[in-house]
Amino acid sequence: MVLAILGLDLNVFLALSMFTVFMLLILTGYNVAFSFASTALAFSFIGDLTDTFDPNTLNVLPGRWFVALSDQTLLAVPLFVLMGAILERSGLAERLLNAIGMLMGPLRGGVAAAVVIVGTMLAAATGVVAATVIVMGLLSLPAMIRLGYDHKLATGVITASGTLAQLLPPSLVLILLAQQLGVGILGLFAGALIPGLILSGMYAAYALGISYLRPHLGPAMPKEDRTLSGKPSRGTAVLISLILAGLIGLVFLLLSPGSAAVVAIATFAFSLAVLLAGGMLTAELLVSIVPVLVLIIGVLVSIFQGVATPSESGAVGVLGALLLAVLNWLFDRLLVRDGADHITPKWHLTGRALHDAGTSTANIVVLVMTLLFSSTFFSLMFFQLGGSDQTSEWLTAIGGGKFGFVLIAMVAVFLLGINLEFLEITFIVVPIFVPAMQELGFTNVEKIWFAVLMAVNLNMAFISPPVGFSLFYLQSVAPPEVKTADIHKGALPFMALQGVALVLLGAFPGITEFSFRFFSGA
């Protein structure tokens, strides 16, 4: 009777029931990978008993796993995660934040804007939201509280900028979306770059604007906090200038080999003049910002220029992060020798730090692989029972064509993003969306646009009170005087900004297409 009323075949009813049971399992807190596998296994037995599923079709499962593991896109995951983990544990992130904070300190809200800038750079280096938010919370939140910042503004800029790790390449989200949607990772990285920078600019503009209008929310940094003792010697200035010129020259070898030598010489001359004319703050700004920026740009340029695949660029990024750790130690010794008292020279990348970086990377990789295996089993069962065809039919029947589909998909992603991690969402809903997108005739560029919208949407879901994941990440490291209510309220203005960006990018797909064509050269 139920089946007659619903108008569904038994196999389709089982497929939709399987999805419902799966969602109920994960909402109870049960492990997502095990929810995938156990639900698929249970309904394979039910399908066999009801003659709606042939168990022999499971013979294709090992082949699908092998194909998935053969995709070199996934090799970029551990490499980029490890690169970010090394940058975090080598002291470079803390130094970067202190330097940009002092640079922008004279402005009202300048430290908050500095947090956005550094959060954006770390997001582009780590590709992992939890790592970025936690590191920024540990480094910047106590400093902003000491300066008298409003707790809501201080926590809001941390959660919002840290969550950009889902959107800015080499984002782990983008790597997995490229694999699931069947689009090139290069194109998706290129398409997401300008939208990510737009969001970052909106955050910084809001922090500066609200602090200008209401000075008590984001006071300027006192002058004594922006004053460093000592002055780099001539020898130190020459050595630092040579190192910076070499780093920038290497990047230009990828961009324009013919001009690399000229750019390196110009960089050396400029750096040397600035260091000799300026004081210790100038030196600190150069050695803190330029190397990290060069590493991030170098990795992205090598991908966009086609010099290296994403996985090869990730390997070079890991080597570059290790090199920057050595340079960081060298810069410390040089500046302390010249009278700097804001530095305690020490080797940050100890055996313990490397072990922690490797462990955190391994944890993420194992999680991704387990989800991939389990979700492939689930997807195969859902397809064999007819669930994919039915959901595709429903989604394509929505009025409004592609825009109607995208609207419904974005609502679903946002609601799921409140309770689920991005990895889980990627493996749950994207396989359901893909058949409908093929039926509607989405081109590769339109798939990239959809993926960027999905990443922005996940940014919004991740900071949405009361259960946004980024809020909990920050809450776990926030000082006792920062209340949970402040963290949640602080996220609301940035949620609004993300909503504006989502509408803007949705209404004007040309923004994403321009970003894609400009950086990928398509």
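What counts and how
- Residues numbered from 1 in each chain as written.
- Predicted model: local features only at pLDDT ≥ 70, side-chain atom pairs only at ≥ 80, totals over all residues.
- Heavy atoms only, no water.
- Helix = DSSP H or I, 4+ residues; strand = E, 2+ residues; numbered from the N terminus.
- Rg over C-alpha atoms; globule rule 2.2 N^0.38 Å.
- Buried < 20%, exposed > 50% of the residue type's maximum accessible area, 1.4 Å probe, protein only.
- Areas by Shrake-Rupley, 256 points an atom, 1.4 Å probe, with all protein chains shown as cover.
- Lys, Arg positive; Asp, Glu negative; His and termini not counted.
- Charge placed at Lys NZ, Arg CZ, Asp CG, Glu CD.
- Axes fitted to C-alpha atoms, helices over the stretch in contact; angles between N-to-C directions.
- Parallel < 35°, antiparallel > 145°, perpendicular 65-115°, else oblique.
- Left-handed = near helix turned anticlockwise from the far one by under 90°.
- Contact = heavy atoms within 4.5 Å.
- Expected span 1.5 Å × (residues − 1).
- Salt bridge = Lys/Arg side-chain N within 4 Å of Asp/Glu carboxyl O.
- 1 Å grid on protein atoms, 1.4 Å probe; cavity = no way out; pocket = protein on both sides within 12 Å on 5 of 7 lines; lining within 4 Å.
- Points joined across faces, edges and corners; volume = space filled by probe spheres on them.
- Nonpolar A, V, L, I, M, F, W, Y, C, P; charged D, E, K, R; others polar.

Draft legend 1. Focus on the overall build of the protein chain. In terms of regular secondary structure, the protein chain is built from 23 helices and zero strands. A compact globule built from 522 residues should have a C-alpha radius of gyration of about 24 Å, and the protein chain, at 25 Å, falls within 12% of that. By its C-alpha atoms, the protein chain is 85 × 50 × 45 Å across when sized along the principal axes. Considering the protein chain as a whole, with its 522 residues, one finds that 55% of them fall into the buried category. Accessible surface for the protein chain amounts to roughly 20,900 Å². Of this, 69% is attributable to carbon and sulfur atoms. Mean positive and mean negative side-chain charge positions of the protein chain (20 and 25 charges, respectively) differ by 17 Å.

Draft legend 2. Up close: the environment of Ile198. Looking at the secondary structure, you find Ile198 in helix H11 (residues 185–213). Each C-alpha atom, one on Ile198 and one on Ala501, is 7.9 Å from the other, the two residues being 303 residues apart in sequence.

Draft legend 3. Quick look at the packing of helix H10 (residues 172–181) against H11. Put simply, H10 and H11 touch, their axes get as near as 9 Å, and they point 135° apart. The angle between H10 and H11 falls in the class oblique. Between H10 and H11 the crossing geometry is right-handed. Here H10 contributes Leu174, Ile175, Leu177 and Ala178 to the contact with H11, which in turn contributes Ile185, Leu188, Phe189 and Ala192.

Draft legend 4. Quick look at the packing of helix H9 (residues 151–162) against helix H22 (residues 484–507). One way to put it is that H9 packs onto H22 with a least axis distance of 7 Å and a crossing angle of 65°. As H9 packs across H22, the resulting crossing turns out to be right-handed. Contact with H9, carried on its side by His151, Lys152, Thr155, Gly156, Val157 and Ala160, involves Asp486, Ile487, Lys489, Gly490 and Phe494 of H22 and no other residues of that element.

Draft legend 5. Seen up close, helix H12 (residues 234–255). Here H12 is 22 residues long and its end C-alpha atoms lie 31 Å apart, about the 32 Å a rise of 1.5 Å per residue gives. What H12 keeps buried is the set Thr236, Ala237, Ile240, Ser241, Ile243, Leu244, Ala245, Leu247, Ile248, Gly249 and Val251.

Draft legend 6. Here's a closer look at the pattern of salt bridges. One pass over the full model with this rule turns up seven salt bridges. In this structure, the salt-bridge partner of Arg95 is Asp332, at a minimum N-O distance of 2.5 Å. Pair noted here: Arg95 is in helix H6 (residues 92–104) and Asp332 is in helix H15 (residues 310–337), with a separation of 237 residues, a long-range link. For Asp332, a relative accessible area of 4% translates into the label buried.

Draft legend 7. Expanded view of the layout of surface pockets. For the largest pocket, the calculated volume is near 610 Å³. Arg64, Gln180, Thr376, Ser379 and Pro431 are, among the 22 residues lining the largest pocket, the residues nearest its centre. Of all the secondary-structure elements, those providing two or more residues to the lining of the largest pocket are helix H4 (61–70), H10, helix H16 (351–384) and helix H19 (422–440). Sort the elements by how many residues they give to the lining of the largest pocket and H16 lands first, with eight residues. A per-class count over the lining of the largest pocket returns 14 nonpolar, six polar and two charged.

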